[in-house]
Amino acid sequence: MKIKMIAIVLLLALGLTACGEHAVKPDGSGSTAGGGSTDSATAGGAQVGSINGSGIEDEAVLAGQSYAVSYAKGAIDDPGNILSNKIIYFDYDSSQVNDKYLELVKHHGKYLALHADESIRLEGHTDERGTREYNIALADRRAQSVKRILMFQGAASEQITIISYGEEKPSVLGHDEESWSLNRRAELVYRK
Amino acid sequence: MKRLLAISILFFAAVSQSWAVLKIDITEGVEAAVPIAVVPFSWRGVAKIQDADVSAIVTSDLARSGQFAPLPEQDLIARPATPEQVDFKTWRIAGIDHLVIGSVTRQPDKTLKVEFRLFDILKADQSLGYSFTVQLSQLRSVAHRISDHIIEHLTGLKPAFDSRITYVTTQQNKAIPGSNKPGRISYRLQVADTDGFNPQTLLTSNEPIMSPSWSPDGKQLVYVSFELGKPEIYIHNIFTGVRSKVSAFKGINGAPVWSPDGKYLAMTLSKDGNPDIYIMRLKDKMLRRLTTHWSIDTEASWMPDSRSLVFTSSRSGKPQLYTIGIQPGARASRLTFDGNYNADPTVSPDGKTIGFVHGEGNSYRIAVYHLDTRHMEILTDGPLDESPEYAPNGGMLIYATQFDNRAMLAAVSADGRHKYRLRLEEGEVREPAWAPIQ
């Protein structure tokens, strides 16, 4: 619940600072959230990492906010860790993972790969526009896109259960662009 | 049969809590509607039952049909109770084309005899007359049957009003103060008369209920329920309450629709990796995949001959309507080309037109596609209209709409000229489907 709230605030912040998007460099070549550097830092880092600060290997930026990167067990519940972000937002009628969220999804994929005992329910959602069953299919494809990236990072298919809710479970109410953008999403729900 | 029906309805009323009744607002009338006068029926040996005021129900149905402009009760120039009392000349001068009179009489065995007569004012003659002997609980149903008889006689439209509708209601529980997070939603699957009266709850859940669709005999519903945390398809007998799970594959189990011949269900499954249309033969649950494209294929609707389907596919990049036969090896062919969003088809009972949702920018409206002329016609104003379903006579489409920031039902005549809304006093309502006439 709290995590979703944070994500909403962050997304709004992103909207306000859309022109200053240089802070979000998802191409992997930047100094932040770099795919390569993250990989090297965490090749053995999962074992040494700790959520209590000393074991931070890297830093990631999402929606203009800096986060620690660590794949230590439980990092998903650390608000300072990139893995605490568990919602991926999509463009209208699109099931392609936006560049902005690609690194985030990869981090979750690595976390799942390193912790075979973890599993997630991957929920697909759409905004209210368009027909209900088409939206079920569209939201399913959103979740499938995320799943493919997770698996490419080494997560196992058995760790991921997809459920598509279409437009049936909006995150926010309202019939405007802002509400719609917050409702077009895939949520990674780690099982307790 | 009718008697059994009445007993079942009473049984339901006893076991399930009824929910808020849908209220009707006629929002767009028709200029050319036929002027008709319905004289309040006389009640003999029994006081008028307010909840089953037969002539008021007939008046309301005639107005809802969009074909008639009933004279308001206070404007009636006379109140004949018998054929002898009808003075054709006065009605002719008043500009009335047709007149309905009738009575409800209590019989010695406590049944009620309902009589009605329809007069053609210009011909100065009776054009129709029937009597029905019924139980008290069947009075509203009889009133709708009278409407159906009148409408069929004068317009040729088949019956539709003496039937039921199903729909899904949602009740939003209170949000956390100061937050725009929605509270938990309660979902209900309901069945009511076509005018929203006598609503009965078939299923209550904290998880979504979707896509209810009728069996051809109007006795069963097929729908999607997420009650076990994932979408599964159930068949539910509305009279016995008995239900069975027919599809619970991995992934999507969605958009179930009964074939008009009753033999198959068409549905959307993603068990093979991608949302595709499948048909299930009901007698042995044998499943066959109809579409194999890598894009989204969903929202099937049967043609009346049960030999082919119309469905939504994103194979062109955006949702469009396609048709495909159910025979092995059949190929899909595209129907719609106007615009970037044409989805959720519903085939008319005569198979000549297809109702669907046409999206343009932020406006989603109900449209029809004429198969013979390949012409699209937009019927409603949007902005968030969806889930169109034909009435069993093809005269109207019922659909879901947003009005005053609330989800409610509406109906539009097949020519788009007449509209009315069905709203709940509280909560929201969506995904309507009109039951076939048995």
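Novice: Is there a simple way to explain the packing of aromatic side chains in this structure?
Specialist: For any pair of aromatic rings, geometry is given as the distance between the ring centres together with the angle between the planes. Applying the stated criterion across every chain yields a total of 12 aromatic pairs over all chains. On the numbers, 5.3 Å between centres and 85 degrees between planes, the contact of B:Tyr341 with B:Tyr364 is edge-to-face. You can see B:Tyr341 sitting in strand S23 (residues 341-347) and its partner B:Tyr364 sitting in strand S25 (residues 363-370), a full 23 residues away along the chain. Taking relative accessible area as the criterion, B:Tyr364 reaches 2% and is therefore assigned buried. Three or more aromatic residues joined by ring pairs make a cluster, and in this case those are A:Tyr134, B:Tyr341 and B:Tyr364. Across the ring face of A:Tyr165, the terminal group of A:Lys169 is positioned such that the distance to the ring centre comes to 4.5 Å. The positively charged end of B:Arg140 is found above the aromatic ring belonging to B:Phe197, 3.6 Å away from the centroid.

Novice: Can you walk me through the interface of chain B and chain A in this structure?
Specialist: Reports often express the size of an interface as the amount of accessible area lost when the parts come together. If you look at the interface, chain B gives 42 residues, while chain A gives 31 residues. A buried area of about 3,200 Å², summed over both sides, lies between chain B and chain A, and 56% of it is on carbon and sulfur atoms. Between chain B and chain A we count four salt bridges in total. One salt bridge in this structure joins B:Lys318 and A:Asp93, with 3.5 Å as the shortest N-O distance. In this assembly, chain B and chain A are joined by 16 residue pairs in polar contact (both at pLDDT 80 or more). When contributions to the side of chain B that touches chain A are tallied by element, the ones reaching two or more residues are strand S9 (185-193), strand S11 (209-214), strand S15 (253-258), strand S19 (297-302), S23 and strand S31 (428-434) of chain B. At three residues, the largest contribution of residues to the side of chain B that touches chain A is made by S23(B). In the side of chain B that touches chain A, the residues fall into 19 nonpolar, 14 polar and nine charged.

Novice: What am I meant to see in the sheet that holds strand S29 (residues 406-413) of chain B here?
Specialist: Adjacent strands of a sheet pair through backbone hydrogen bonds, lying either parallel or antiparallel. Residue and element names in this part refer to chain B. Pairing in this open sheet of five strands is antiparallel, and the strands run S1-S30-S29-S28-S27 from one edge to the other. What marks the edges here is a single partner per strand, and that holds for strand S1 (22-28) and strand S27 (386-390). Between one strand axis and the next, the sheet turns through 25 degrees on average, direction left out of account. Where strand S28 (residues 396-403) and S29 come together, eight bridges link them in antiparallel fashion. The partner of Ala400 across the bridge, within S29, is Leu409. Against the sheet, helix H2 (residues 54-65) makes contact with S1, S28 and strand S30 (419-424), and its axis sits at roughly 45 degrees relative to S1, the strand it touches most.

About the criteria used
Residues numbered from 1 in each chain as written. Chains lettered and ligands numbered in written order. Predicted model: local features only at pLDDT ≥ 70, side-chain atom pairs only at ≥ 80, totals over all residues. Heavy atoms only, no water. Phe/Tyr/Trp six-rings, centres within 6.5 Å; stacked < 30°, edge-to-face > 60°. Helix = DSSP H or I, 4+ residues; strand = E, 2+ residues; numbered from the N terminus. Buried < 20%, exposed > 50% of the residue type's maximum accessible area, 1.4 Å probe, protein only. Lys NZ or Arg CZ within 6 Å of the ring centre and 35° of its normal. Contact = heavy atoms within 4.5 Å. Buried area = accessible area lost by both parts, 1.4 Å probe. Salt bridge = Lys/Arg side-chain N within 4 Å of Asp/Glu carboxyl O. Polar contact = N/O pair within 3.5 Å; in protein donor to acceptor, adjacent residues only side chain to side chain. Nonpolar A, V, L, I, M, F, W, Y, C, P; charged D, E, K, R; others polar. Pairing = 2+ DSSP bridges. Axes fitted to C-alpha atoms, helices over the stretch in contact; angles between N-to-C directions.

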